[in-house]
Structure formats: structure tokens, C-alpha cells
There are 2 protein chains.
Amino acid sequence: MGPQNDKNSISDDANQERRPVRADAQRNTDALLQAAMAVFASSGVDAPVREIADRAGVGIGTVYRHFPRRSDLIAAVVRREIDACADAAPVLLASHTPCEALAAWLLRYTDFIAAKRGLAPALHSGDPAYVSLHGYFQERLLPALQGLLDAAIAAGEVRTDIESKELLQAVANLCMSAGKADAAVARRMVGLVVDGLRYGAARTS
Amino acid sequence: MGPQNDKNSISDDANQERRPVRADAQRNTDALLQAAMAVFASSGVDAPVREIADRAGVGIGTVYRHFPRRSDLIAAVVRREIDACADAAPVLLASHTPCEALAAWLLRYTDFIAAKRGLAPALHSGDPAYVSLHGYFQERLLPALQGLLDAAIAAGEVRTDIESKELLQAVANLCMSAGKADAAVARRMVGLVVDGLRYGAARTS
DNA sequence: GACAAAACGGAACAGTGTTCCGTATAATAC
DNA sequence: GTATTATACGGAACACTGTTCCGTTTTGTC
């Protein structure tokens, strides 16, 4: 439920008369996203917009042309990282056993959540740029986890009585409570959860 | 150019005659705390310092004379509210039955936590002005709750198998997860907890 | 190459927290 | 009471944000 809003992608059916996106614009958008990702990772999400512009090698005006509000830039970065996390699922599934893939992906997801802790307050602050993020989060990550879970269940490697939605939420909560600079703790606790999944399968036999 | 003062020979190191706080300074400190409390409640903790200064009827310089950093002002307000919450315990105990006092105080505590939700991110951000707050929180609120709990236990009105520390934490967590503008939900959930405490006492018989 | 639309860059604006310092005041000494 | 002095006051000024504006440059098309 809820209207879909796509901001960055041009609708693909009505662009016959529409001029294509100019090459420099596309280049700068990419450079900005990459720079923002790096700056947010090193200086936190409160880093000045100018720092991102400098790192991307563009002027301030260009930043605001592509991302009218600072929060739009943040949201775009998070979107891109959600995509990267979701896309990792099938790759892992192709190169590992289902259960290994599930474990590896949950750790990947853990890192994602831990890196975004600084955002938690902003996400719940009602900024319109963020409201759609929550939906996108579920929309992309739930199917990704579900695929891994189904494969692991089909292989008889994990228990069958857990919902992907609950698991996603539980792991996120685990990481939230975990320490500030201590991602290792979070990973250890998630490891525990994975073992719990395995244990259920063993009991079933 | 002797560096020493020829006239001033009165001991200055063991200065017991510390100049008392000037009356206007004390007055302004109080006015600032009161104004800050009101402004934070209505505009949130991100309200501009100037707004608080205006409301208190003082200049910006005066604010920064009493609270060198903005975070110091916030911390002082929170400290004062922690005090108010802690001081409410003996008052409630004197005017209610132990169990009623306990229930009433937990609701009071709930409101305090709910009002401070906007602060949660800042508190964990390592700002030196806030690090001492956590200790102060426990230092004042734990004894307050413990006194209520002891009285209720002595009266046989509640179960005996809960730690005040856990209860404090549990109620805080309950309020955190509760909705943004919906303090009623939090109060209802805390009511549930209180009933749980009573239930334990009934079973003991 | 000429042209128009699109995008760029950065100066300028507005709103923060914070500092500085000349002025005013309260406590004290006489 | 007056004189003195440490203390406190006020607000202009500074540094640093996010954001807007608009002249200039680049890109794609004919």
C-alpha cells in the first residue's frame, strides 16, 4: 500500500521524446554517490555537503541539482547500499552451500545495519526523503533473505519455524544494541543466531 | 617589575572566603534552565540557543557564560529532570500505599523517558557533556526505585524476584519502542508491568 | 558549425553554535 | 554613604553549516 515514488530513474516508457540524460550529468551523479558513500563512512552522515562536493570534484550547485535536499543524497546512498546488500544474496547462493550463503549474507547485512546506526534517529524523524526508505528496505531485503532461507530449508540445513521478516528484524535489533565501535560483537551475536538456525535442523532429523 | 604583589599577603591558596555566587548570576541560571526546559519541550532539543536566551530574557553571552557548550545546557536540564523524578519517589511513598506509589512513580518515570527520546542519539554520541549523565541517571534513579520496591515488598504487595536495575531498564526500553506522539501506549504497557509485579505477590500466598 | 536545452560552478543568503570584549552590576572595603 | 574590584551581562562578530540564484559552460542535435 502506498504510492510508489521513483525519484532517480526516468520512466522508461515515456522517454521517446525526452532527451536522454546527459553524459556529464550521469557521470557526476555517480561520482557524487561514490564520494558521499566514502565521506559518510569516514566522517559520518553529518559531514558537510561541501566536503562531498569537493571529493566528487564538482561544485555545490551540482550537488543540489541532483539532490535538492541533503537528505535526498543520504537517502540515495542508503538506497544504493540496500541494493548492494540485496544483490549479494544470489551471488552468495551461487558460490556456497545454502546454509553458508545464509550465514554469510546475514553477516553482510549486519555490517550494513551497523554502519547505518548514525542514521537511525534521522530515519524516524519524519523527513519525507526517508519515509520511503523503510518500505524500500523491506521490499528489497525481505525477498533476498527469503530466497536464502528457502534454499537452506530445501537443503534441510536449517530449521523451518522462523519467518524471514522476524529474522531480519531480530538481527537488526541485535546490531543496534551492540556497541559503538564494536562491530565484532554484533557479528558474534549474529553467528549465534545462525548456529541456532542450524541447531533446529539437527534436532529435526 | 616584581611579579609579586606587595599589598596582597592574605593567604590566597586556602581561600575559604570564596566569593559567593552573585545574585543575578543565580537568577539567570535558574531562568535559563526553566526557559530551556520549556523550549525543549515545545520545539525539541534542536531549538536554537538564541530562542532560549530570548525566553529567559538574557543575552547570548550570558547563556555561554553559564553553559560553555550547548550540550552543557541540555545536560543540565536533563540532570534537573532526573532530580525531579528521583525526588518524587519519597513524596509518593508518603502519600500512597507502597504499591500505588511504585505504580505512580513508574508512570512518572515513563513520561520522563518518553520526553527524552529525542536525546537518545546524542547521549550515545560520546559528547563529554553527556557521558556523566548515564552514571547520574543510575545514581539517582536506582535508589529511588529501590526504596519504592523495598517498601512494596515489605508490605507484601509485589513479588520479590525482580531487580530494580532490570525493572528500570525494562521500562525504559518499553517506552523507547513506543510510538512517537503516543505516550498513552507506553503508559499502558507499563501498567501491564505493574500488574505483573502485583500478580507475583498474589501467587506467593 | 549553430543552436537550445541541460548542467555546471561558486558567490551569496540565511540560520546555526561559539567567541570576544566593552559595559553594567553586585558584593565588598572604606 | 562612596570607591573599588571581581564578576556577570549583552550582543556584535566570527566560523561553519544547508540552500538558492544566476551567469557561464557543456552536451546533444540539426
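The coordinates are above.
Everything numeric in this text was worked out from a predicted model, so none of it was measured.

**Q** Help me out: how do you make sense of the pattern of salt bridges in this one?
**A** Opposite charge on two side chains makes pairing possible when the charged atoms of those side chains draw close. Taken as a whole, this structure holds 16 salt bridges over all chains when the rule is applied. A network of salt bridges, in which partner residues are shared, links Asp83, Asp87 and Arg140 of chain A.

**Q** Would you explain helix H2 (residues 49-56) of chain B in this entry?
**A** Residue and element names in this part refer to chain B. Val49, Ile52, Ala53 and Ala56 are the residues of H2 that are buried. The buried residues of H2 occupy an angular sector of 100° when the element is viewed end-on, so they sit on one face. Exposed side of H2, more than 90 degrees from the buried face: Arg50, Asp54 and Arg55 are the residues found there. Of the surrounding secondary structure, the elements contacted by the buried residues of H2 are helix H1 (23-43), helix H3 (60-66) and helix H4 (70-95). One or two residues past the end of H2 sits glycine 57, with phi positive at roughly 75°.

**Q** Looking at this model, I keep getting lost on the packing of aromatic side chains. Mind explaining?
**A** How two aromatic rings sit relative to each other is given by the distance of their centres and the angle of their planes. All names here are of chain A. Taken as a whole and judged by the stated rule, the model has six aromatic pairs over all chains. Ring geometry for tryptophan 105 and tyrosine 109: centres 5.4 Å apart, planes at 5°, overall stacked. Of this pair, tryptophan 105 and tyrosine 109 both sit in helix H5 (residues 98-115), four residues apart, roughly one helical turn. Judged by relative accessible area, tryptophan 105 falls into the buried class, the value being 0%.

**Q** Before we go on, may I ask you to explain the protein's contact with DNA strand D in this structure?
**A** Inspection of the region around DNA strand D gives 26 residues, with Arg22, Asn28, Gly61, Thr62 and Arg65 of chain B positioned closest. For DNA strand D, the fraction of atoms within 4 Å of the protein that belong to sugar or phosphate moieties is 63%. Contacts to DNA strand D include asparagine 28 of chain B, whose side-chain N or O atom sits 2.2 Å from a phosphate oxygen. Counting only elements with at least two residues in the surface near DNA strand D, the list comes to helix H1 (23-43), helix H2 (49-56) and helix H3 (60-66) of chain A together with H1 and H3 of chain B. Counting residues per element, the surface near DNA strand D draws most heavily on H3 of chain B, which supplies five residues.

**Q** Can you help me understand the protein's contact with DNA strand C in this one?
**A** The environment of DNA strand C is formed by 27 residues, the closest being Arg22, Asn28, Gly61 and Thr62 of chain A together with Arg70 of chain B. The contact atoms of DNA strand C, taken as those within 4 Å of the protein, divide so that sugar and phosphate hold 67%. Between DNA strand C and the protein, one listed contact pairs a phosphate oxygen with a backbone N or O atom of aspartate 24 of chain A at 3.3 Å. Between DNA strand C and asparagine 28 of chain A there is a distance of 2.2 Å, counted from a phosphate oxygen to a side-chain nitrogen or oxygen. Listing elements by their share of the surface near DNA strand C, those giving two or more residues are H1 and H3 of chain A together with H1, H2 and H3 of chain B. The dominant element in the surface near DNA strand C, judged by the number of residues it contributes, is H3 of chain A, at five residues.

**Q** What's the story with the environment of glycine 156 of chain A in this structure? I'm lost.
**A** You can see glycine 156 of chain A is positioned in the loop between helix H7 (128-154) and helix H8 (164-177). Taking C-alpha positions, glycine 156 of chain A is 6.5 Å from alanine 201 of chain A, a pair spaced 45 residues apart along the chain.

**Q** Sorry, what's going on with H1 of chain B here?
**A** Residue pairs spaced three or four apart in an α-helix point in one direction, given the helix's 3.6 residues per turn. All names here are of chain B. If you check H1, its first and last C-alpha atoms are 30 Å apart, about what 21 residues at 1.5 Å a residue would give, namely 30 Å. Residues of H1 that are buried include every one of Ala25, Thr29, Leu32, Leu33, Ala35, Ala36, Val39 and Phe40, and no others. Along its buried surface, H1 packs onto H2, H3 and H4. Looking at the residues trailing H1, positive phi occurs at glycine 44, about 85°.

**Q** Sorry, what's going on with the side chain of serine 132 of chain A here?
**A** Residue and element names in this part refer to chain A. Tracing the backbone shows serine 132 in helix H7. Classification of serine 132 by relative accessible area gives buried; the value is 19%. A distance of 3.4 Å separates polar atoms of two side chains, one belonging to serine 132 and the other to arginine 79.

Criteria and thresholds
- Residues numbered from 1 in each chain as written.
- Chains lettered and ligands numbered in written order.
- Predicted model: local features only at pLDDT ≥ 70, side-chain atom pairs only at ≥ 80, totals over all residues.
- Heavy atoms only, no water.
- Salt bridge = Lys/Arg side-chain N within 4 Å of Asp/Glu carboxyl O.
- Buried < 20%, exposed > 50% of the residue type's maximum accessible area, 1.4 Å probe, protein only.
- Helix = DSSP H or I, 4+ residues; strand = E, 2+ residues; numbered from the N terminus.
- Arc of directions from axis to C-beta.
- Contact = heavy atoms within 4.5 Å.
- Phe/Tyr/Trp six-rings, centres within 6.5 Å; stacked < 30°, edge-to-face > 60°.
- Near = heavy atom within 4 Å.
- Polar contact = N/O pair within 3.5 Å; in protein donor to acceptor, adjacent residues only side chain to side chain.
- Expected span 1.5 Å × (residues − 1).

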